[in-house]
Amino acid sequence: MRLDDYLEFEANERAERRRLAREKDYGILDHLDSFERRFDAEVSDDAVVGSVSPSIFVGRSDYPNVSTGLLSPVGREERADSFRTSGAWYDEGVSIADVFERRTSLLNANRGVDVTDAGASGVGTGGSGGDAASVHDAWDGWLGVQREVAIADRPVDVEIGLDGTPDLDFEVGLADVKTPTGPRAAAREAALGENPHVPRPVKKTLEDDDWRAEGAMTYLYRRGFDVYEINTILSAGALGRGRNRRLVPTRWSITAVDDTIGTFLRGSIRDEPSIDRIEVHRNEYLGNAFWVILVPGNWEYELVELKAPGSIWNPDPDAGVYLAAASEGREGRTGYVEETAGAYYAARLGVLEHLHERGRQAKVLVCRHVSDDYWGPVGVWQVREAVRNAFAGERGTAETFGEAVRGVAEHLPVSLGRLRRKSTMAAGLQATLADFTGRDG
């Protein structure tokens, strides 16, 4: 489809999606009372919760002494798997309000531990948890139960002893740009209610004490595990060399896995032929629009983020559009991306998966427009899934990179000139005086 026709088609699709998602739903704040009622009905007299845990959480405050938690949808056990972040959320079409509802419905029963307590050898076999974690056997005690939940391929029955009632002061992230979290409660102990089912490839990574974490992650990915499953296993300290294994804060593990798998995929396409024409792909989800321009040539990648005034990352309505950018060449990067953070690696992964599947390489420019419809932070998963799915359906084509960038810029809230001043790839285009007039964001 020619670029002009594609842009007109996408504009009509965009208008319909915006109509369907116009109303910003803040009803999640009403969950305080409903959770408290469910919790009171489920907890026994000695503050023991019997639930199903679909996942874990490892905090990063005060590292290396961190808070580790078992996450449980108390009173909603029959839907436990739907509370685990995954690509299925995109397929389901969850809204921002849906994400808030799911995240704030998870009880985080937590304890403080040292990240080095995860360093131990041996493979879990579904033992019970006691009242203390042991550095000599991380498959016992609190960390053992948490690790068993992390490596299982389905939610696990658990019984958790609590010290007191949960703190129902939800952190919903509207003021301080945090992803929403549910109620927290200090945990005394935990025990498994069943023997978790652990996939054979995961057992293999656990049994090999000499396997570096990066190699184990790549192995699991090649065996069909998605990055969501891998980052949970990594976070629980279940990957790496024996006693060097460490708990990894959840936020760090997400980016670590995206980066590691992305690096593997970049290497896999290094000697592949280039695509043979310029392509423009687009997708929009949860108030974030992504434009992906693929250009013939060796691998090169840049993410440009445009954050609208009044959006969650740029809340001042009078601030103007905020621009951020980061890029890499054929050999990748040597340092962490600060300006665009986890979104850089998540978007890169989606592009590299597409090129790997096609057996091609390309130069890639991704433009992310965060509109004011993005009223609450849901996590970097939405970036990953929006880019992964940008390649489905129709695509636009252009004769030159300049034509593609100019066509996309017409649908961005800044001028082509300002985009060029921020983007390394777009800056390589020959500029004219007309390009620097008009919208200046």
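Residues numbered from 1 in each chain as written. Predicted model: local features only at pLDDT ≥ 70, side-chain atom pairs only at ≥ 80, totals over all residues. Heavy atoms only, no water.

Q: Just to check I follow, could you spell out the side chain of Gln-382 for this structure?
A: Residue placement: Gln-382 occurs in helix H11 (residues 381-388). Once you skip the residues sitting within four places of it in the chain, Gln-382 turns out to touch Tyr-285, Leu-286, Asn-288, Phe-290, Arg-368 and Tyr-374. (Helix = DSSP H or I, 4+ residues; strand = E, 2+ residues; numbered from the N terminus. Contact = heavy atoms within 4.5 Å.)

Q: How should the pairing of strand S6 (residues 184-192) be read in this particular structure?
A: Each regular strand displays side chains that alternate between the two surfaces of the sheet. One ladder, built from three bridges, connects strand S4 (residues 107-114) with S6; its direction is parallel. Of the residues in S6, the one forming a bridge with Asn-108 is Arg-184. Pairing of strand S5 (residues 156-162) with S6 involves five bridges; the strand directions are antiparallel. What sits directly across from Gly-161, in S6, is Glu-189. (Pairing = 2+ DSSP bridges.)

Q: Even after reading the chapter, I still don't get the side chain of Arg-384, so can you show me in this structure?
A: Counting through the fold element by element, Arg-384 comes out in helix H11. Its relative accessible area of 2% is what places Arg-384 among the buried residues. Polar side-chain contacts of Arg-384 include one of 3.0 Å to the side chain of Tyr-228. Setting aside residues no more than four positions away along its own chain, Arg-384 makes contact with Val-227, Tyr-228, Ile-254, Asp-258, Ala-346 and Leu-349. (Buried < 20%, exposed > 50% of the residue type's maximum accessible area, 1.4 Å probe, protein only. Polar contact = N/O pair within 3.5 Å; in protein donor to acceptor, adjacent residues only side chain to side chain.)

Q: Would you explain the packing of helix H6 (residues 200-207) against helix H7 (residues 213-222) in this entry?
A: Relative placement of two packed helices is described by the angle separating their axes and the distance separating the axes. In the contact formed by H6 and H7, the axes pass within 10 Å of each other and the chain directions differ by 165°. The angle between H6 and H7 places the two elements in the roughly antiparallel class. Along this stretch, H6 crosses H7, giving a crossing that reads as right-handed. Side by side, H6 and H7 meet where Pro-201, Val-202, Lys-204 and Thr-205 of the first sit next to Ala-216, Tyr-219 and Leu-220 of the second. (Axes fitted to C-alpha atoms, helices over the stretch in contact; angles between N-to-C directions. Parallel < 35°, antiparallel > 145°, perpendicular 65-115°, else oblique. Left-handed = near helix turned anticlockwise from the far one by under 90°.)

Q: Can you help me understand the environment of Leu-107 in this one?
A: By the element assignment, Leu-107 lies in strand S4. It is 7.8 Å that separates the C-alpha atoms of Leu-107 and Pro-166, two residues lying 59 residues apart in sequence.

Q: What is the right way to look at helix H5 (residues 141-151) in this model?
A: Given 3.6 residues to a turn, an α-helix orients residues that are three or four positions apart in the same direction. Where burial is concerned, most of H5 is hidden: eleven out of the eleven residues are buried. The set of residues buried in H5 consists of Gly-141, Trp-142, Leu-143, Gly-144, Val-145, Gln-146, Arg-147, Glu-148, Val-149, Ala-150 and Ile-151.

Q: So what exactly am I meant to see when it comes to the sheet that holds strand S11 (residues 363-370) here?
A: Read across the sheet, six strands follow the order S10-S9-S11-S8-S7-S12 without closing on themselves; strand pairing throughout is mixed. Each edge of the sheet is formed by a strand with only one pairing partner; in this case those strands are strand S10 (322-328) and strand S12 (396-398). Taking each pair of neighbouring strands and ignoring which way they run, the sheet shows an average axis angle of 15°. Note that strand S9 (residues 300-307) and S11 share eight bridges and pair parallel. Each residue of the ladder has a partner; that of Leu-306, found in S11, is His-369. Each of strand S7 (278-285), strand S8 (288-295), S9, S10 and S11 is contacted by helix H10 (residues 341-358), which is oriented at about 135° to S9, the strand it contacts most.

Q: Sorry, what's going on with the packing of H7 against helix H9 (residues 250-268) here?
A: Between H7 and H9, whose axes approach to 10 Å, the crossing angle comes to 70°. The angle between the axes of H7 and H9 places the two elements in the roughly perpendicular class. Between H7, through Glu-214, Met-217, Thr-218, Tyr-221 and Arg-222, and H9, the contact on the second element is made entirely by Val-257, Thr-260, Ile-261, Phe-264 and Leu-265. Classifying every residue of the contact of H7 with H9 by side-chain character gives six nonpolar, two polar and two charged. (Nonpolar A, V, L, I, M, F, W, Y, C, P; charged D, E, K, R; others polar.)

Q: What should I look at first to understand H11 in this one?
A: Among the eight residues in H11, eight count as buried, and that is most of the element. Residues Trp-381, Gln-382, Val-383, Arg-384, Glu-385, Ala-386, Val-387 and Arg-388 constitute the buried set of H11.

Q: What is the right way to look at the nonpolar core in this model?
A: Burial of nonpolar side chains together is a common tendency in soluble globular proteins. In terms of nonpolar packing, the biggest core is built from 66 residues, with Leu-294, Val-351, Leu-355, Val-364 and Trp-381 touching the most fellow members. When residues in this core are grouped by element, the largest group, nine residues, is from H10. Counting 28 residues, the second-largest nonpolar core is a separate cluster that includes Val-58, Val-158, Leu-192 and Ala-236. (Core = buried A, V, L, I, M, F, W, Y, C linked by side-chain atoms within 4.5 Å.)

Q: Mind showing me how you'd approach unusual backbone geometry here?
A: Note on backbone geometry: most residues besides glycine have negative phi, and most peptide bonds are trans. In this model, Tyr-63 is joined to Pro-64 through a cis peptide bond whose omega is 15°. Its place among the elements puts Pro-64 in the loop between strand S2 (55-58) and strand S3 (65-72). Phi at Leu-286 takes a positive value of approximately 50°, unusual for a residue other than glycine. Relative to the elements of secondary structure, Leu-286 occurs in the loop between S7 and S8. The residue Ala-341 is not glycine, and still its phi comes out positive at about 50°. Mapped onto the elements of the fold, Ala-341 is located in helix H10. Exposure remark for Ala-341: the relative accessible area of 25% places this residue in the partly exposed category.

Q: Explanation requested: the packing of aromatic side chains in the structure shown.
A: The geometry of an aromatic ring pair is captured by two quantities: the separation of the ring centres and the angle between the planes. On inspection of all chains with the given rule, the structure shows ten aromatic pairs. Aromatic side chains Trp-299 and Tyr-301 sit 5.8 Å apart centroid to centroid with 10° between the ring planes, which places their arrangement in the stacked category. The burial state of Trp-299 is the same as that of Tyr-301; both residues are buried. An aromatic cluster is present here, built from Trp-299, Tyr-301, Tyr-336, Tyr-344 and Tyr-345 joined pairwise through their rings. The side chain of Arg-333 reaches across the aromatic face of Tyr-344, ending 5.8 Å from its centre. (Phe/Tyr/Trp six-rings, centres within 6.5 Å; stacked < 30°, edge-to-face > 60°. Lys NZ or Arg CZ within 6 Å of the ring centre and 35° of its normal.)

On their own, these measurements won't tell you what the molecule is for.
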